[in-house]
Amino acid sequence: MPMETEKIELLGKSLSELEAFVVENGQPKYRARQLFKWIYYKETASFYEMTDLPKEQRSLFDEIAKISIPRVLKQRVSRDGTRKFSMELEDKKKVETVVIPHNSDKPNKYTLCISTQVGCPIGCAFCATGQSGFQRNLTFYEIVGQVLGSKKELQKRLKNDDDDLISNIVYMGMGEPLLNYDATIKSLYIINDPKGINIGQRHITISTCGEVKGINQLAKEDLQVTLAISLHAASDAVRDRLIPLNRKYPLAELLKAVENYIAATNRRVTFEYILLDEVNNSYHDASNLIKLVKPLMANINLIPYNSVNGLGFIQPGKDKVMQFYNWLLQGGLNVTLREEKGADIEAACGQLVMKKSIRSKQ
Ligand code: SAH
Ligand code: SF4
């Protein structure tokens, strides 16, 4: 039996790629701009909604092409306005995306935390995603699709058509972005395209647990994005226990790669440091951290641990968090304390996981 031909994916195509597509299909070039507008401004997944295309064009495109913007299946809304969207992909796998409101200085602006993998192969000891196992990489268009799908859902829920509702993107959802390097970078360029979604590179952050090969590669791209390194420990003994990848790339190697990255890009790097009680929050840990990070002139972002049932880590009390913060400040570091958002709906960092997969492990 003849195989049914695969439909062409239009999500993720640039304007010139769409032009090639319409011309190949005997259409005038200007149709590409119409498609572009429907996909990237109107977040439209169905050709039949493209009212400025002639009817026969809509059905022709529908026969040969598709726009796979993931659907929001479920959402939960936190007391603080954070929303967690569970989105369904073409193969029915699910991925989680979090919409985080900015503080009151920028009302009606949101940061979107997107995923790059279904699950995560790294398996950090404190992270729900890592403990749920790894299923697969996302394609670049599934990463872009999270932005379009979330924006559309948010506009609908808030009854607000503002095109710039989402002002910042953080690659801090499920998965390790630099282990899905090509898709991550390709998605980044599309999200940044001034003619499309148009989110400035300086408003985009990529977070990595220390994938040195990817950091070296990223240093060669001409990008203005912020790189965040999930450090979480200032000695190999502690880091080995928290982040298995540290055994492949120990601290000295990681910090060397970061130093080279800073030299190559001239960009400041942020170090993320989760505070885990009795694990990495002693005075000794703080002074080791100061020694490691100070020469790099980097920012340190302290994150109180978001608890995940059954993993055995404890969030330190507020006084201990402030004590650690002050130690770093006195040591001359540029330090910020991350506000916890969305913890009541398990939407905070490290809490993203499909509940079923964690249960099936136990
Ligand atoms: N894999 C990448 C990006 C996704 S994780 C990385 O590890 O950087 C995004 C951030 O959430 C990382 O800094 C990660 O260490 C942090 N994180 C994971 N589990 C957490 C938890 N339970 N509480 C607080 N932060 C957590
Ligand atoms: Fe993966 Fe990041 Fe979670 Fe570690 S913290 S398991 S790298 S998602």
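Everything numeric here is computed off the predicted structure, so don't read it as measured data. (Residues numbered from 1 in each chain as written. Chains lettered and ligands numbered in written order. Predicted model: local features only at pLDDT ≥ 70, side-chain atom pairs only at ≥ 80, totals over all residues. Heavy atoms only, no water.)

One non-glycine residue with positive phi stands out, namely histidine 232, at about 65°. Along the polypeptide, histidine 232 turns up in the loop between strand E11 (226-230) and helix H8 (236-242). A relative accessible area of 4% places histidine 232 in the buried class. Within the chain, methionine 297 stands out as a residue other than glycine whose phi angle is a positive 50°. Within the fold, methionine 297 resides in the loop between helix H10 (283-293) and strand E13 (299-304). According to the relative accessible area criterion, methionine 297 is exposed, its value standing at 57%. (Helix = DSSP H or I, 4+ residues; strand = E, 2+ residues; numbered from the N terminus. Buried < 20%, exposed > 50% of the residue type's maximum accessible area, 1.4 Å probe, protein only.)

The next subject is the sheet that holds strand E4 (residues 83-88). Sheets are built from strands that pair by backbone hydrogen bonding, the pairs being arranged parallel or antiparallel. Ordered by their spatial adjacency, ten strands build an open sheet running E3-E4-E5-E6-E9-E10-E11-E12-E13-E14, and the pairing between neighbours is mixed. Every interior strand has two partners, whereas the edge strands, strand E3 (71-77) and strand E14 (334-337), have only one. Averaged over all adjacent pairs, the angle separating strand axes in this sheet is 25°, with direction ignored. Both E13 and E14 contribute to a ladder of four bridges, which runs parallel. Across the sheet, leucine 302 pairs through a bridge with leucine 337, a residue of E14. Helix-sheet contacts for helix H6 (residues 181-192) involve strand E9 (166-171) and strand E10 (204-208), and the interaxial angle to E9 is about 175°. (Pairing = 2+ DSSP bridges. Axes fitted to C-alpha atoms, helices over the stretch in contact; angles between N-to-C directions. Contact = heavy atoms within 4.5 Å.)

Across all of its chains, the model carries 16 salt bridges by this definition. Among the ionic pairs, aspartate 52 bridges to lysine 37, the shortest N-O distance being 3.3 Å. Taken together, the positions of aspartate 52 in the loop between helix H2 (30-40) and helix H3 (55-64) and lysine 37 in helix H2 put the pair 15 residues apart, joining distant regions of the chain. Taking the relative accessible area as the measure of exposure, lysine 37 reaches 30% and is therefore partly exposed. The partner of lysine 66 in a salt bridge is glutamate 90, and the shortest N-O contact between them spans 3.0 Å. In this pair, lysine 66 is assigned in strand E2 (residues 65-66) and glutamate 90 in the loop between E4 and strand E5 (94-101), connecting sequence segments 24 residues apart. Here glutamate 90 falls in the partly exposed class, since its relative accessible area comes to 46%. (Salt bridge = Lys/Arg side-chain N within 4 Å of Asp/Glu carboxyl O.)

Grouped burial of nonpolar side chains is what soluble globular proteins tend to show. Core analysis: the largest hydrophobic core is formed by 110 residues, its most contacted members being Leu35, Ile169, Phe271 and Leu328. Setting aside residues up to four positions removed in sequence, isoleucine 169 forms contacts with Leu112, Ile114, Val147, Ile191, Ile199, His203, Ile204 and Thr205. Judged by nonpolar contacts, the second largest core, of five residues, contains Cys113, Val170, Met172 and Ala228. (Core = buried A, V, L, I, M, F, W, Y, C linked by side-chain atoms within 4.5 Å.)

For the rest of this paragraph, the subject is the site of ligand 2. Every residue lining ligand 2 is accounted for by Cys120, Ile122, Gly123, Cys124, Phe126, Cys127, Gly130, Gly175 and Cys209. Class assignment of the residues belonging to the shell around ligand 2 gives a composition of six nonpolar, three polar and no charged. (Near = heavy atom within 4 Å. Nonpolar A, V, L, I, M, F, W, Y, C, P; charged D, E, K, R; others polar.)

Take the confidence of the model for the chain next. Within the chain, residue pLDDT values average 91, and 93% of them lie at 70 or more. Mean pLDDT values over the elements of the chain span from 42, in helix H12 (residues 355-361), up to 98, in helix H7 (residues 212-220). Here residues 356-362 is a poorly scored stretch, pLDDT under 50, and it has six contacts once near neighbours within four places are set aside; other chains count. (pLDDT = per-residue confidence, 0-100.)

With that settled, the discussion passes to the domain arrangement of the chain. Domain annotation of the chain identifies domain 1 (8-66) and domain 2 (71-345). Computed from C-alpha coordinates alone, the two centres of domain 1 and domain 2 are separated by 34 Å. Residue-level contacts link 14 residues of domain 1 with 15 residues of domain 2. Together, the buried faces of domain 1 and domain 2 total about 1200 Å²; carbon and sulfur atoms form 57% of this surface. When the area that domain 1 buries against domain 2 is broken down by residue, the three leading residues are Leu11, Tyr40 and Glu43, summing to 46%. (Domains from an automatic or database assignment. Buried area = accessible area lost by both parts, 1.4 Å probe.)

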